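A closer look at the structure
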Amino acid sequence: MNFPDTAFSFTLDAVCPVTGARAGTLHTPRGDIQTPVFMPVGTQATVKAMAPFELEEMGARIILANTYHLYLRPGADIVAEGGGLHGFMQWKRPILTDSGGFQVFSLSTLNRISDEGVWCRSHHDGTPHVMNPEWSMSVQKQLGSDIAMCFDQCAPWPCSREEAEGAVRRTALWAARSKEAHAREWQGERRQALFGIVQGSVWEDLRLRSAKDIIPMDFPGYAVGGLSVGEPHGDMYRILDSLKGVLPSGKPRYLMGVGRPDNLVEGVARGIDMFDCVLPTRNGRNGTLFTPYGAVNIKKKQYERDFTPVDPECDCYACRTFTRAYIRHLYRSGEILASRLCSWHNLRFLIRLGEEMRKAILEGRFPEFRRAFLGRFSGGEA
Ligand SMILES: CNc1nc2c(CCNCc3ccccc3)c3nc(N)[nH]c(=O)c3cc2[nH]1
Ligand SMILES: [Zn+2]
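Attention here is on the structure that accompanies the text. Remember, predicted model here, so these are calculated numbers, not experimental data.

Criteria and cut-off values
- Residues numbered from 1 in each chain as written.
- Chains lettered and ligands numbered in written order.
- Predicted model: local features only at pLDDT ≥ 70, side-chain atom pairs only at ≥ 80, totals over all residues.
- Heavy atoms only, no water.
- Salt bridge = Lys/Arg side-chain N within 4 Å of Asp/Glu carboxyl O.
- Helix = DSSP H or I, 4+ residues; strand = E, 2+ residues; numbered from the N terminus.
- Buried < 20%, exposed > 50% of the residue type's maximum accessible area, 1.4 Å probe, protein only.
- Disulfide = S-S within 2.5 Å.
- Pairing = 2+ DSSP bridges.
- Axes fitted to C-alpha atoms, helices over the stretch in contact; angles between N-to-C directions.
- Contact = heavy atoms within 4.5 Å.
- Phe/Tyr/Trp six-rings, centres within 6.5 Å; stacked < 30°, edge-to-face > 60°.
- Lys NZ or Arg CZ within 6 Å of the ring centre and 35° of its normal.
- Near = heavy atom within 4 Å.
- Polar contact = N/O pair within 3.5 Å; in protein donor to acceptor, adjacent residues only side chain to side chain.
- Areas by Shrake-Rupley, 256 points an atom, 1.4 Å probe, with all protein chains shown as cover.
- Nonpolar A, V, L, I, M, F, W, Y, C, P; charged D, E, K, R; others polar.
- Donors = N, O, S within 2.8 Å, 3.2 Å for Na, K, Ca; no water.
- Tetrahedral: all angles 85-135°; square planar, octahedral: opposite > 155°, others 65-115°.

**Some details on the pattern of salt bridges**
For the structure shown, the criterion picks out 30 salt bridges. One salt bridge connects Arg209 with Glu165, and the closest N-O pair in it is separated by 3.3 Å. A residue pair is termed long-range when its members are at least 10 positions apart, and Arg209 in helix 8 (residues 204-214) and Glu165 in helix 7 (residues 161-186) qualify at 44 residues. On the basis of relative accessibility, which here comes to 36%, the residue Arg209 falls in the partly exposed class. Between Glu266 and Arg270 there is a salt bridge whose closest N-O contact spans 3.2 Å. Grouping residues by exposure puts Glu266 and Arg270 together as buried.

**So, the state of the cysteines**
What the rule picks out here adds up to zero disulfides. This cysteine, Cys120, is not joined by any disulfide, and Cys154 carries the nearest cysteine sulfur, 16 Å off.

**Structural notes on the sheet that holds strand 12 (residues 222-224)**
Ordered by their spatial adjacency, eight strands build an open sheet running 4-14-13-12-11-10-6-5, and the pairing between neighbours is parallel. Each edge of the open sheet is held by one strand with a lone partner, namely strand 4 (37-40) and strand 5 (63-66). Across the sheet, the mean angle separating the axes of adjacent strands is 30 degrees when strand polarity is ignored. In the sheet, strand 5 pairs with strand 6 (residues 95-98) via four bridges, with the strands oriented parallel. Of the residues in strand 6, the one forming a bridge with Asn66 is Asp98. Most of the contacts of helix 9 (residues 233-244) go to strand 13 (residues 253-255), to which it runs at about 170 degrees, and overall it touches strand 11 (193-198), strand 12 and strand 13.

**Brief notes about the sheet that holds strand 7 (residues 110-113)**
The sheet built from three strands is open, its strands ordered 7-8-9 with antiparallel pairing. Of all the strands in the sheet, the pair left with one neighbour each is strand 7 and strand 9 (128-131). On average, adjacent strands in this sheet sit at an angle of 20 degrees to one another, irrespective of strand direction. Direction of pairing for strand 7 relative to strand 8 (residues 118-121): antiparallel, over a ladder of four bridges. Residue pairing across strands places Asn111 opposite Cys120, the latter belonging to strand 8.

**Topic: the packing of aromatic side chains**
Given two aromatic rings, their pairing is described by the distance between the two centres and the angle made by the two planes. Throughout the structure, instances matching the rule amount to 10 aromatic pairs. Relative to Tyr222, the ring of Phe219 has its centre 6.1 Å away and its plane inclined at 75 degrees; by these criteria the two rings are edge-to-face. Tyr222 shares its class with Phe219; the two are buried. Taking the centre distance of 5.1 Å and the plane angle of 40 degrees together, the rings of Tyr317 and Trp344 count as tilted. In this pair, Tyr317 is assigned in helix 12 (residues 317-321) and Trp344 in helix 14 (residues 336-362), connecting sequence segments 27 residues apart. According to the relative accessible area criterion, Tyr317 is partly exposed, its value standing at 30%. Among the aromatic residues, those joined into a cluster by ring pairs are Tyr71, Trp135, Phe151 and Trp174. Lys179 extends its terminal NZ or CZ atom over the ring of Phe219, reaching a point 5.4 Å from the ring centre. One residue, Arg376, lies across the ring of Tyr293, its end atom 5.0 Å from the ring centre.

**Looking at the site of ligand 1**
In the vicinity of ligand 1 lie 21 residues, with Asp98, Asp152, Gly226, Leu227 and Ser228 positioned nearest. Contact between ligand 1 and Gly226: an oxygen atom at 2.7 Å from a main-chain N or O atom of the residue. Measuring from a nitrogen atom of ligand 1, one finds a backbone N or O atom of Ser228 at 2.8 Å. Here ligand 1, which alone exposes 580 Å², has 90% of that area covered by the protein. Those elements that place two or more of their residues in the shell around ligand 1 are strand 5 and helix 5 (101-107). The element that contributes the greatest number of residues to the shell around ligand 1 is strand 5, accounting for three residues. Counted by class, the shell around ligand 1 contains nine nonpolar, nine polar and three charged residues.

**Thoughts on the coordination of the zinc ion (ligand 2)**
Four donors placed tetrahedrally about a metal ideally form angles of 109.5 degrees, and six donors placed octahedrally ideally form angles of 90 or 180 degrees. Those donors, Cys314 (SG), Cys316 (SG), Cys319 (SG) and His345 (ND1), are the protein atoms that reach the zinc ion (ligand 2), and they lie 2.1 to 2.3 Å from it. If you look at the zinc ion (ligand 2), its four donor atoms make angles of 97 to 121 degrees with each other, and the shape they trace is tetrahedral. Owing to a relative accessible area of 2%, Cys316 belongs among the buried residues under this scheme.

**Digging into unusual backbone geometry**
Cis geometry marks the peptide bond from Trp157 to Pro158; its omega dihedral reads -5 degrees. Looking at the secondary structure, you find Pro158 in the loop between strand 10 (147-149) and helix 7. Along the chain, Val258 connects to Gly259 via a cis peptide bond; the corresponding omega equals 15 degrees. Tracing the backbone through its elements, the reader meets Gly259 in the loop between strand 13 and helix 10 (261-269). The phi torsion at Ala45 lies on the positive side, around 65 degrees, for a residue other than glycine. Within the fold, Ala45 resides in the loop between strand 4 and helix 1 (52-57).

The structure is reproduced here in C-alpha coordinates:
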(Lines give C-alpha, C1' and ligand atoms only; values in the text may rest on other atoms or scores of the structure.)
(Ligands and ions follow the chains in the order given, each with its own letter.)
Protein backbone atom coordinates (compact mmCIF):
# COMPACT_ATOMS: atom_id res chain seq x y z
CA MET A 1 0.00 0.00 0.00
CA ASN A 2 1.59 3.31 -0.99
CA PHE A 3 1.21 6.25 1.34
CA PRO A 4 1.25 9.61 -0.44
CA ASP A 5 2.44 12.53 1.63
CA THR A 6 -1.15 13.59 2.24
CA ALA A 7 -1.81 10.18 3.81
CA PHE A 8 -3.74 11.86 6.62
CA SER A 9 -5.84 14.96 6.15
CA PHE A 10 -9.06 16.39 7.54
CA THR A 11 -11.63 18.32 5.53
CA LEU A 12 -14.27 20.46 7.20
CA ASP A 13 -17.46 19.84 5.17
CA ALA A 14 -19.78 22.14 7.13
CA VAL A 15 -19.93 24.08 10.42
CA CYS A 16 -23.18 24.95 12.24
CA PRO A 17 -23.19 28.77 12.50
CA VAL A 18 -25.24 28.65 15.72
CA THR A 19 -23.33 26.06 17.79
CA GLY A 20 -20.04 25.50 15.96
CA ALA A 21 -20.91 21.81 15.47
CA ARG A 22 -18.84 20.38 12.57
CA ALA A 23 -19.26 17.83 9.80
CA GLY A 24 -15.91 16.67 8.45
CA THR A 25 -14.04 13.93 6.62
CA LEU A 26 -10.86 12.35 7.99
CA HIS A 27 -8.90 10.90 5.05
CA THR A 28 -6.71 7.95 6.03
CA PRO A 29 -4.81 5.38 3.90
CA ARG A 30 -7.40 2.74 4.85
CA GLY A 31 -10.43 4.82 4.05
CA ASP A 32 -12.31 8.02 4.76
CA ILE A 33 -14.07 8.59 8.07
CA GLN A 34 -17.02 10.96 8.05
CA THR A 35 -17.55 12.90 11.26
CA PRO A 36 -19.15 13.20 13.74
CA VAL A 37 -18.21 9.56 14.28
CA PHE A 38 -18.71 7.05 17.08
CA MET A 39 -15.81 4.56 17.26
CA PRO A 40 -16.64 1.09 18.68
CA VAL A 41 -14.14 -0.09 21.27
CA GLY A 42 -12.35 -3.39 20.67
CA THR A 43 -10.10 -3.67 23.71
CA GLN A 44 -8.63 -7.10 22.99
CA ALA A 45 -8.64 -6.92 19.21
CA THR A 46 -12.35 -7.63 19.04
CA VAL A 47 -15.45 -5.52 19.52
CA LYS A 48 -17.00 -7.88 22.04
CA ALA A 49 -19.47 -10.38 20.50
CA MET A 50 -19.32 -8.73 17.07
CA ALA A 51 -17.57 -10.22 14.01
CA PRO A 52 -15.85 -7.82 11.55
CA PHE A 53 -18.46 -8.46 8.82
CA GLU A 54 -21.22 -7.49 11.29
CA LEU A 55 -19.37 -4.29 12.24
CA GLU A 56 -19.14 -3.45 8.53
CA GLU A 57 -22.85 -4.19 8.09
CA MET A 58 -23.76 -1.77 10.89
CA GLY A 59 -21.61 0.97 9.36
CA ALA A 60 -18.59 1.02 11.69
CA ARG A 61 -15.89 3.04 9.91
CA ILE A 62 -13.13 2.90 12.50
CA ILE A 63 -12.65 0.86 15.69
CA LEU A 64 -10.39 1.15 18.73
CA ALA A 65 -7.93 -1.30 20.23
CA ASN A 66 -5.75 -1.07 23.28
CA THR A 67 -1.99 -0.94 23.61
CA TYR A 68 -1.89 -1.89 27.31
CA HIS A 69 -4.09 -4.97 26.92
CA LEU A 70 -2.52 -6.31 23.71
CA TYR A 71 1.03 -5.79 24.95
CA LEU A 72 0.25 -7.95 27.98
CA ARG A 73 -1.83 -10.50 26.05
CA PRO A 74 -1.14 -11.96 23.49
CA GLY A 75 1.96 -9.71 23.19
CA ALA A 76 2.63 -7.03 20.57
CA ASP A 77 5.14 -9.31 18.85
CA ILE A 78 2.46 -11.96 18.20
CA VAL A 79 0.06 -9.32 16.83
CA ALA A 80 2.86 -7.98 14.63
CA GLU A 81 3.66 -11.50 13.38
CA GLY A 82 -0.05 -11.97 12.67
CA GLY A 83 0.02 -9.03 10.26
CA GLY A 84 -0.50 -6.25 12.78
CA LEU A 85 -3.98 -5.61 14.15
CA HIS A 86 -5.57 -5.43 10.68
CA GLY A 87 -4.20 -8.85 9.69
CA PHE A 88 -4.59 -10.45 13.11
CA MET A 89 -8.27 -9.50 13.57
CA GLN A 90 -9.08 -9.20 9.84
CA TRP A 91 -10.44 -5.66 10.11
CA LYS A 92 -9.58 -3.82 6.89
CA ARG A 93 -10.80 -0.34 7.85
CA PRO A 94 -9.00 2.18 10.09
CA ILE A 95 -8.01 1.37 13.67
CA LEU A 96 -7.12 3.83 16.45
CA THR A 97 -5.08 2.61 19.42
CA ASP A 98 -4.98 4.28 22.81
CA SER A 99 -1.49 4.76 24.24
CA GLY A 100 -1.83 2.63 27.37
CA GLY A 101 -1.34 5.32 30.02
CA PHE A 102 -5.00 5.54 30.96
CA GLN A 103 -5.41 1.77 31.22
CA VAL A 104 -2.36 1.40 33.47
CA PHE A 105 -4.13 3.50 36.10
CA SER A 106 -7.52 1.91 35.67
CA LEU A 107 -6.36 -1.70 35.49
CA SER A 108 -2.87 -2.49 36.79
CA THR A 109 -2.77 -3.78 40.34
CA LEU A 110 0.11 -1.54 41.33
CA ASN A 111 1.69 1.43 39.65
CA ARG A 112 4.34 4.06 40.39
CA ILE A 113 4.54 7.14 38.22
CA SER A 114 7.61 9.33 37.58
CA ASP A 115 8.72 11.62 34.78
CA GLU A 116 10.48 8.60 33.28
CA GLY A 117 7.22 6.65 32.95
CA VAL A 118 4.96 4.26 34.83
CA TRP A 119 6.21 1.18 36.65
CA CYS A 120 3.31 -1.25 37.05
CA ARG A 121 2.38 -4.82 37.73
CA SER A 122 0.28 -6.67 35.15
CA HIS A 123 -3.34 -7.21 36.22
CA HIS A 124 -3.04 -10.69 34.71
CA ASP A 125 -0.04 -12.19 36.49
CA GLY A 126 1.58 -9.43 38.54
CA THR A 127 4.75 -9.31 36.40
CA PRO A 128 6.50 -5.89 36.47
CA HIS A 129 6.51 -3.60 33.43
CA VAL A 130 7.73 -0.07 32.65
CA MET A 131 5.48 1.90 30.34
CA ASN A 132 6.55 5.24 28.89
CA PRO A 133 6.27 7.23 25.64
CA GLU A 134 9.02 5.23 23.88
CA TRP A 135 7.43 1.92 24.91
CA SER A 136 3.99 3.12 23.77
CA MET A 137 5.17 4.31 20.33
CA SER A 138 7.04 1.04 19.78
CA VAL A 139 4.00 -1.08 20.69
CA GLN A 140 1.58 1.04 18.65
CA LYS A 141 3.88 0.57 15.67
CA GLN A 142 3.89 -3.20 16.15
CA LEU A 143 0.09 -3.09 16.34
CA GLY A 144 0.10 -1.06 13.12
CA SER A 145 -2.90 1.12 13.92
CA ASP A 146 -3.75 3.98 11.57
CA ILE A 147 -4.05 6.50 14.42
CA ALA A 148 -1.90 6.31 17.57
CA MET A 149 -2.27 8.37 20.76
CA CYS A 150 0.46 10.12 22.71
CA PHE A 151 1.40 8.53 26.02
CA ASP A 152 -0.28 10.83 28.54
CA GLN A 153 -1.21 11.08 32.20
CA CYS A 154 -4.92 11.29 32.93
CA ALA A 155 -5.54 12.76 36.40
CA PRO A 156 -8.30 11.00 38.35
CA TRP A 157 -11.48 12.80 39.39
CA PRO A 158 -11.73 14.32 41.87
CA CYS A 159 -8.13 15.42 42.24
CA SER A 160 -6.31 18.41 43.74
CA ARG A 161 -5.31 21.29 41.53
CA GLU A 162 -1.66 20.33 42.18
CA GLU A 163 -2.35 16.79 40.92
CA ALA A 164 -4.00 18.20 37.79
CA GLU A 165 -1.06 20.56 37.26
CA GLY A 166 1.35 17.64 37.57
CA ALA A 167 -0.56 15.67 34.97
CA VAL A 168 -0.53 18.65 32.59
CA ARG A 169 3.23 19.07 33.02
CA ARG A 170 3.97 15.38 32.57
CA THR A 171 1.56 15.06 29.62
CA ALA A 172 3.47 17.83 27.82
CA LEU A 173 6.81 16.18 28.61
CA TRP A 174 5.53 12.83 27.36
CA ALA A 175 3.89 14.35 24.27
CA ALA A 176 7.27 15.68 23.12
CA ARG A 177 8.90 12.29 23.81
CA SER A 178 6.01 10.53 22.03
CA LYS A 179 6.41 12.72 18.95
CA GLU A 180 10.17 12.15 18.86
CA ALA A 181 9.91 8.39 19.39
CA HIS A 182 7.10 8.15 16.81
CA ALA A 183 9.21 9.95 14.18
CA ARG A 184 12.14 7.65 14.98
CA GLU A 185 9.96 4.52 14.73
CA TRP A 186 8.46 5.48 11.38
CA GLN A 187 11.48 7.19 9.77
CA GLY A 188 9.31 9.55 7.76
CA GLU A 189 6.92 6.85 6.51
CA ARG A 190 3.49 8.44 6.93
CA ARG A 191 1.58 5.30 7.79
CA GLN A 192 0.37 6.15 11.25
CA ALA A 193 -0.94 9.49 12.48
CA LEU A 194 -0.11 10.50 16.06
CA PHE A 195 -2.76 12.51 17.93
CA GLY A 196 -1.92 14.80 20.86
CA ILE A 197 -3.95 14.76 24.09
CA VAL A 198 -4.90 17.78 26.22
CA GLN A 199 -5.28 17.36 29.99
CA GLY A 200 -6.10 19.74 32.86
CA SER A 201 -8.99 18.04 34.64
CA VAL A 202 -11.83 20.50 35.40
CA TRP A 203 -9.72 23.68 35.63
CA GLU A 204 -10.12 25.92 32.58
CA ASP A 205 -6.79 27.68 33.08
CA LEU A 206 -4.98 24.33 33.25
CA ARG A 207 -6.79 23.20 30.10
CA LEU A 208 -5.56 26.34 28.38
CA ARG A 209 -2.02 25.69 29.66
CA SER A 210 -2.15 22.11 28.35
CA ALA A 211 -3.50 23.27 24.99
CA LYS A 212 -0.69 25.83 24.74
CA ASP A 213 1.83 23.02 25.42
CA ILE A 214 0.40 20.49 22.99
CA ILE A 215 -0.96 22.46 20.02
CA PRO A 216 2.44 23.91 18.94
CA MET A 217 3.71 20.33 18.55
CA ASP A 218 1.59 20.25 15.39
CA PHE A 219 -0.19 16.89 15.62
CA PRO A 220 -2.66 15.90 12.84
CA GLY A 221 -5.43 15.59 15.45
CA TYR A 222 -6.10 16.45 19.09
CA ALA A 223 -7.88 14.56 21.85
CA VAL A 224 -9.52 15.96 24.96
CA GLY A 225 -8.43 13.57 27.72
CA GLY A 226 -9.09 13.61 31.43
CA LEU A 227 -12.87 13.70 31.11
CA SER A 228 -15.62 11.12 31.56
CA VAL A 229 -13.80 10.00 34.69
CA GLY A 230 -16.72 10.63 37.07
CA GLU A 231 -16.97 14.41 36.89
CA PRO A 232 -20.46 15.96 36.53
CA HIS A 233 -21.51 16.38 32.88
CA GLY A 234 -21.76 20.13 33.54
CA ASP A 235 -18.03 20.24 34.21
CA MET A 236 -17.33 18.25 31.04
CA TYR A 237 -19.41 20.67 28.96
CA ARG A 238 -17.79 23.70 30.60
CA ILE A 239 -14.32 22.37 29.75
CA LEU A 240 -15.35 21.63 26.16
CA ASP A 241 -16.71 25.18 25.88
CA SER A 242 -13.36 26.52 27.06
CA LEU A 243 -11.46 24.50 24.42
CA LYS A 244 -13.82 25.15 21.49
CA GLY A 245 -12.05 28.25 20.22
CA VAL A 246 -8.59 26.99 21.21
CA LEU A 247 -8.19 23.63 19.44
CA PRO A 248 -7.19 24.05 15.76
CA SER A 249 -10.45 24.14 13.77
CA GLY A 250 -8.89 22.42 10.73
CA LYS A 251 -7.94 19.29 12.67
CA PRO A 252 -10.12 16.52 14.15
CA ARG A 253 -11.08 16.70 17.83
CA TYR A 254 -11.52 13.45 19.75
CA LEU A 255 -13.30 13.35 23.13
CA MET A 256 -11.95 10.23 24.83
CA GLY A 257 -14.23 7.76 26.57
CA VAL A 258 -17.53 9.48 25.79
CA GLY A 259 -20.24 8.43 25.96
CA ARG A 260 -23.95 8.28 26.41
CA PRO A 261 -26.12 9.43 23.46
CA ASP A 262 -26.89 12.79 25.10
CA ASN A 263 -23.17 13.31 25.79
CA LEU A 264 -22.43 12.75 22.10
CA VAL A 265 -24.98 15.36 21.03
CA GLU A 266 -23.71 17.89 23.59
CA GLY A 267 -20.11 17.09 22.58
CA VAL A 268 -20.85 17.70 18.89
CA ALA A 269 -22.58 20.95 19.84
CA ARG A 270 -19.23 21.96 21.40
CA GLY A 271 -17.11 21.14 18.35
CA ILE A 272 -16.16 17.50 18.96
CA ASP A 273 -15.75 15.21 15.92
CA MET A 274 -14.80 11.76 17.32
CA PHE A 275 -15.99 9.68 20.28
CA ASP A 276 -15.32 6.27 21.81
CA CYS A 277 -17.01 4.47 24.69
CA VAL A 278 -17.42 0.94 26.03
CA LEU A 279 -21.07 1.61 26.99
CA PRO A 280 -22.77 0.10 23.88
CA THR A 281 -21.22 -3.35 24.36
CA ARG A 282 -20.99 -3.20 28.15
CA ASN A 283 -24.66 -2.15 28.45
CA GLY A 284 -25.46 -4.66 25.72
CA ARG A 285 -24.18 -7.48 27.90
CA ASN A 286 -26.40 -6.44 30.80
CA GLY A 287 -29.51 -5.89 28.70
CA THR A 288 -29.57 -2.09 28.77
CA LEU A 289 -30.59 -0.76 25.36
CA PHE A 290 -30.50 2.77 23.94
CA THR A 291 -33.77 4.08 22.51
CA PRO A 292 -34.76 7.61 21.44
CA TYR A 293 -36.58 7.96 24.79
CA GLY A 294 -33.70 6.81 27.01
CA ALA A 295 -32.33 3.45 28.12
CA VAL A 296 -34.60 0.40 28.27
CA ASN A 297 -33.70 -2.56 30.46
CA ILE A 298 -34.93 -5.58 28.54
CA LYS A 299 -34.90 -7.79 31.67
CA LYS A 300 -38.01 -6.05 32.97
CA LYS A 301 -41.23 -8.07 33.17
CA GLN A 302 -43.10 -5.31 31.34
CA TYR A 303 -41.46 -6.49 28.10
CA GLU A 304 -42.56 -10.13 28.56
CA ARG A 305 -45.34 -9.80 25.96
CA ASP A 306 -43.97 -6.74 24.14
CA PHE A 307 -43.83 -7.90 20.50
CA THR A 308 -42.48 -4.59 19.18
CA PRO A 309 -38.84 -3.92 18.19
CA VAL A 310 -36.39 -2.53 20.77
CA ASP A 311 -36.44 0.75 18.82
CA PRO A 312 -38.99 1.06 15.98
CA GLU A 313 -36.91 3.83 14.39
CA CYS A 314 -33.75 1.72 14.32
CA ASP A 315 -32.53 0.00 11.15
CA CYS A 316 -30.24 -2.54 12.84
CA TYR A 317 -30.51 -6.32 12.39
CA ALA A 318 -31.85 -6.82 15.93
CA CYS A 319 -34.63 -4.24 15.50
CA ARG A 320 -35.51 -5.36 11.97
CA THR A 321 -35.80 -9.00 12.96
CA PHE A 322 -36.72 -9.58 16.60
CA THR A 323 -39.08 -8.37 19.32
CA ARG A 324 -38.43 -7.15 22.85
CA ALA A 325 -40.19 -10.24 24.18
CA TYR A 326 -37.83 -12.54 22.31
CA ILE A 327 -34.68 -10.65 23.33
CA ARG A 328 -35.90 -10.57 26.94
CA HIS A 329 -36.38 -14.34 26.77
CA LEU A 330 -32.85 -14.81 25.39
CA TYR A 331 -31.41 -12.60 28.09
CA ARG A 332 -33.20 -14.37 30.93
CA SER A 333 -32.15 -17.72 29.48
CA GLY A 334 -28.50 -16.66 29.50
CA GLU A 335 -28.32 -17.10 25.74
CA ILE A 336 -25.19 -15.68 24.03
CA LEU A 337 -27.39 -14.30 21.25
CA ALA A 338 -28.87 -11.84 23.78
CA SER A 339 -25.51 -10.09 24.26
CA ARG A 340 -24.90 -10.10 20.53
CA LEU A 341 -28.24 -8.56 19.58
CA CYS A 342 -28.13 -5.96 22.39
CA SER A 343 -24.54 -4.97 21.53
CA TRP A 344 -25.41 -4.85 17.86
CA HIS A 345 -28.33 -2.50 18.49
CA ASN A 346 -26.44 -0.20 20.90
CA LEU A 347 -23.47 0.11 18.53
CA ARG A 348 -25.74 0.85 15.59
CA PHE A 349 -27.67 3.39 17.69
CA LEU A 350 -24.52 5.46 18.33
CA ILE A 351 -23.13 5.00 14.80
CA ARG A 352 -26.47 6.13 13.39
CA LEU A 353 -26.59 9.07 15.83
CA GLY A 354 -23.28 10.24 14.34
CA GLU A 355 -24.65 9.84 10.82
CA GLU A 356 -27.83 11.75 11.68
CA MET A 357 -25.94 14.60 13.37
CA ARG A 358 -23.69 14.86 10.31
CA LYS A 359 -26.74 15.08 8.02
CA ALA A 360 -28.36 17.70 10.28
CA ILE A 361 -25.19 19.83 10.25
CA LEU A 362 -24.85 19.54 6.45
CA GLU A 363 -28.51 20.54 6.08
CA GLY A 364 -28.19 23.48 8.48
CA ARG A 365 -30.67 22.12 11.04
CA PHE A 366 -28.39 20.86 13.87
CA PRO A 367 -29.90 23.13 16.61
CA GLU A 368 -33.37 21.70 15.84
CA PHE A 369 -31.99 18.14 15.75
CA ARG A 370 -30.26 18.68 19.11
CA ARG A 371 -33.39 20.14 20.74
CA ALA A 372 -35.60 17.33 19.40
CA PHE A 373 -33.18 14.54 20.40
CA LEU A 374 -32.52 15.86 23.92
CA GLY A 375 -36.21 16.59 24.38
CA ARG A 376 -37.02 12.91 23.91
CA PHE A 377 -33.93 11.27 25.44
CA SER A 378 -33.94 11.09 29.23
CA GLY A 379 -30.42 10.06 30.29
CA GLY A 380 -31.72 7.32 32.54
CA GLU A 381 -34.25 4.57 32.00
CA ALA A 382 -36.97 5.13 29.43
C1 LIG B 1 -14.39 6.16 29.98
N2 LIG B 1 -13.83 7.46 30.18
C3 LIG B 1 -12.60 7.75 29.72
N4 LIG B 1 -11.88 6.94 28.91
C5 LIG B 1 -10.70 7.58 28.71
C6 LIG B 1 -9.58 7.17 27.99
C7 LIG B 1 -9.62 5.86 27.24
C8 LIG B 1 -10.47 6.03 26.01
N9 LIG B 1 -10.90 4.76 25.48
C10 LIG B 1 -9.82 4.11 24.79
C11 LIG B 1 -9.98 2.65 24.66
C12 LIG B 1 -9.41 2.08 23.58
C13 LIG B 1 -9.53 0.71 23.39
C14 LIG B 1 -10.18 -0.07 24.31
C15 LIG B 1 -10.75 0.53 25.44
C16 LIG B 1 -10.65 1.90 25.62
C17 LIG B 1 -8.43 8.02 27.99
N18 LIG B 1 -7.31 7.63 27.31
C19 LIG B 1 -6.21 8.41 27.37
N20 LIG B 1 -5.08 8.03 26.73
N21 LIG B 1 -6.18 9.59 28.07
C22 LIG B 1 -7.27 10.04 28.73
O23 LIG B 1 -7.21 11.12 29.35
C24 LIG B 1 -8.47 9.25 28.71
C25 LIG B 1 -9.62 9.66 29.39
C26 LIG B 1 -10.74 8.81 29.40
N27 LIG B 1 -11.94 8.90 30.02
ZN1 LIG C 1 -31.61 -1.47 16.63
